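# Observations on chain architecture
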Amino acid sequence: MQHFFKQNKYEILLFALIQHLFVGIILKDMDFYVKIIWPINMIIVGIASVGVFMEKGRFKKIIKNCLFLLVLALPVSLSFIKKNSPELMTIISAVYVLFFLYIFLELIKFLIKPSYINSDIISASACGYFLLIEVNVFLMQIFFYNNSQSIKGIDMTSTSAVYMDLVYFCSITITSIGFGDITPNTHVTKLITSLFGIIGQFYSVVLVGILISKFSSKTDNN
């Protein structure tokens, strides 16, 4: 099992991130999503992140494990709370930002370091894209739950509906599509959206440069 995680760690993480962000495509029961699917999602993401930290130092693994326990425990707690307060959702979102940002930074170190290109590099590059979306989704949730008018067009019927609308919003922002049905409505969310769009484009440009340099290095060595 350990060998399997080591050999396929980025492919496993990529699958976990995609299902976490877009599982709502096949779900209609939002209450079921919050109580059952969300905690299961986080177990999958937590297990999938094990491979990324497999060869890291003990301190980094401890930090990752602590963050994972929090991102698992917090959504589970929602099942026992009848009314989800904005304060609780803000705390949950902040912890998620830290968790996904921590994985993203480790992934960037991997992309920069080796001078070769293989399937791990491709999978890790895709993971970085989805991790950026994860970070921004929960960052925007922090502002939304502090001020529900900070983003227009969000479905407020449930926490899962808010999450899925923000996944959609952040996805079309990073891809520079922008349909305009969901829009930032305060100067803070407008600036964060602008910054996220710039970071997304910057990541794409830098990533292309990294991949080209690694491919060139491999070609020269051959």
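Preceding this section is the structure that the text describes.
Residues numbered from 1 in each chain as written. Predicted model: local features only at pLDDT ≥ 70, side-chain atom pairs only at ≥ 80, totals over all residues. Heavy atoms only, no water.

### Focus on the overall build of the chain
When helices and strands are tallied, the chain shows 8 helices and 2 strands. Its helices and strands taken in sequence order, the chain reads α-α-α-α-α-α-β-α-β-α from the N to the C terminus. The C-alpha atoms of the chain give a radius of gyration of 18 Å, which matches the 17 Å a tight globule of 222 residues would have. Taken along the three principal axes of its C-alpha coordinates, the chain extends 60 × 40 × 30 Å. Here the chain holds 222 residues, and the buried ones make up 49% of them. Restricting to contacts in the chain with at least 6 residues of sequence separation, those with at least 24 account for 74%. Put simply, the chain shows about 11,500 Å² of open surface, and 69% of that area lies on carbon and sulfur atoms. The centroid of the 17 positive side-chain charges in the chain is displaced by 8 Å from the centroid of its 12 negative side-chain charges. (Helix = DSSP H or I, 4+ residues; strand = E, 2+ residues; numbered from the N terminus. Rg over C-alpha atoms; globule rule 2.2 N^0.38 Å. Buried < 20%, exposed > 50% of the residue type's maximum accessible area, 1.4 Å probe, protein only. Contact = heavy atoms within 4.5 Å. Areas by Shrake-Rupley, 256 points an atom, 1.4 Å probe, with all protein chains shown as cover. Lys, Arg positive; Asp, Glu negative; His and termini not counted. Charge placed at Lys NZ, Arg CZ, Asp CG, Glu CD.)

### What about the environment of isoleucine 210?
Here isoleucine 210 lies in helix H8 (residues 187–221). Expressed as a C-alpha distance, the spacing of isoleucine 210 and lysine 60, which sit 150 residues apart in the sequence, is 25 Å.

### Quick notes on the packing of aromatic side chains
The geometry of an aromatic ring pair is captured by two quantities: the separation of the ring centres and the angle between the planes. Within this structure, the stated rule accounts for 14 aromatic pairs. Between phenylalanine 104 and tyrosine 203 the ring centres are 6.0 Å apart and the planes differ by 50 degrees, which places this aromatic pair in the tilted class. Note that phenylalanine 104 is positioned in helix H5 (residues 86–112) and tyrosine 203 in helix H8, a separation of 99 residues in sequence. Grouping aromatic residues by their ring pairs yields a cluster made of Tyr33, Trp38, Tyr96, Phe99, Phe100, Phe138 and Tyr163. (Phe/Tyr/Trp six-rings, centres within 6.5 Å; stacked < 30°, edge-to-face > 60°.)

### Points about the packing of helix H2 (residues 9–22) against helix H6 (residues 119–146)
The contact between H2 and H6 brings their axes to 9 Å, and the two run at 30 degrees. Considering their axes alone, H2 and H6 lie roughly parallel with respect to each other. Note that H2 runs across H6; the crossing there is left-handed. Across from Tyr10, Glu11, Leu13, Leu14, Leu17, Ile18, His20, Leu21 and Phe22 in H2, the residues of H6 making contact are Ser119, Asp120, Ser123, Ala124, Ala126, Cys127, Phe130, Leu131, Ile133, Glu134 and Phe138. Residue composition of the contact of H2 with H6, by class: 14 nonpolar, 3 polar and 3 charged. (Axes fitted to C-alpha atoms, helices over the stretch in contact; angles between N-to-C directions. Parallel < 35°, antiparallel > 145°, perpendicular 65-115°, else oblique. Left-handed = near helix turned anticlockwise from the far one by under 90°. Nonpolar A, V, L, I, M, F, W, Y, C, P; charged D, E, K, R; others polar.)

### Thoughts on the side chain of aspartate 165
With respect to the helices, strands and loops of the structure, aspartate 165 is situated in helix H7 (residues 159–174). One buried charge, aspartate 165, has no salt-bridge partner; the nearest side chain with opposite charge is lysine 152, at 15 Å. Residues in contact with aspartate 165, not counting those within four places in the same chain, are Gly153, Ile154, Asp155 and Ile182. (Salt bridge = Lys/Arg side-chain N within 4 Å of Asp/Glu carboxyl O.)

### Quick word on the packing of H6 against H7
Contact geometry for H6 and H7: axes closest at 9 Å, N-to-C directions at 125 degrees. As judged from the angle between their axes, H6 and H7 are oblique. Our pair here, H6 against H7, has a crossing hand that is right-handed. For the pair H6 and H7, the contacting residues are Tyr129, Leu132, Ile133, Glu134, Asn136, Val137, Phe138, Met140, Gln141, Phe144 and Tyr145 in the first and Thr159, Val162, Tyr163, Leu166, Val167, Phe169, Cys170, Ser171 and Ile174 in the second. Classifying every residue of the contact of H6 with H7 gives 15 nonpolar, 4 polar and 1 charged.

### Points about the state of the cysteines
Evaluated as defined, the whole model comprises 0 disulfides. Cysteine cysteine 170 is unpaired, with the sulfur of cysteine 127 as its nearest cysteine sulfur at 18 Å. (Disulfide = S-S within 2.5 Å.)

### What about a nonpolar patch on the surface?
Judged by side-chain polarity, Phe15, Phe32, Ile36, Ile40 and Ile44 come together as a nonpolar surface patch covering roughly 440 Å² of accessible area. Broken down by element, the nonpolar patch gets its largest block of residues, 4 residues, from helix H3 (residues 30–48). Among the structural elements, isoleucine 44 can be located in helix H3. (Patch = residues over 30% accessible without salt bridge, like charges linked within 9 Å, V, L, I, M, F, W, Y side chains within 5 Å.)

### Quick look at unusual backbone geometry
Phi at serine 176 is positive, roughly 60 degrees, even though this residue is not glycine. Summarising the element assignment, serine 176 is placed in the loop between H7 and strand S2 (183–184).

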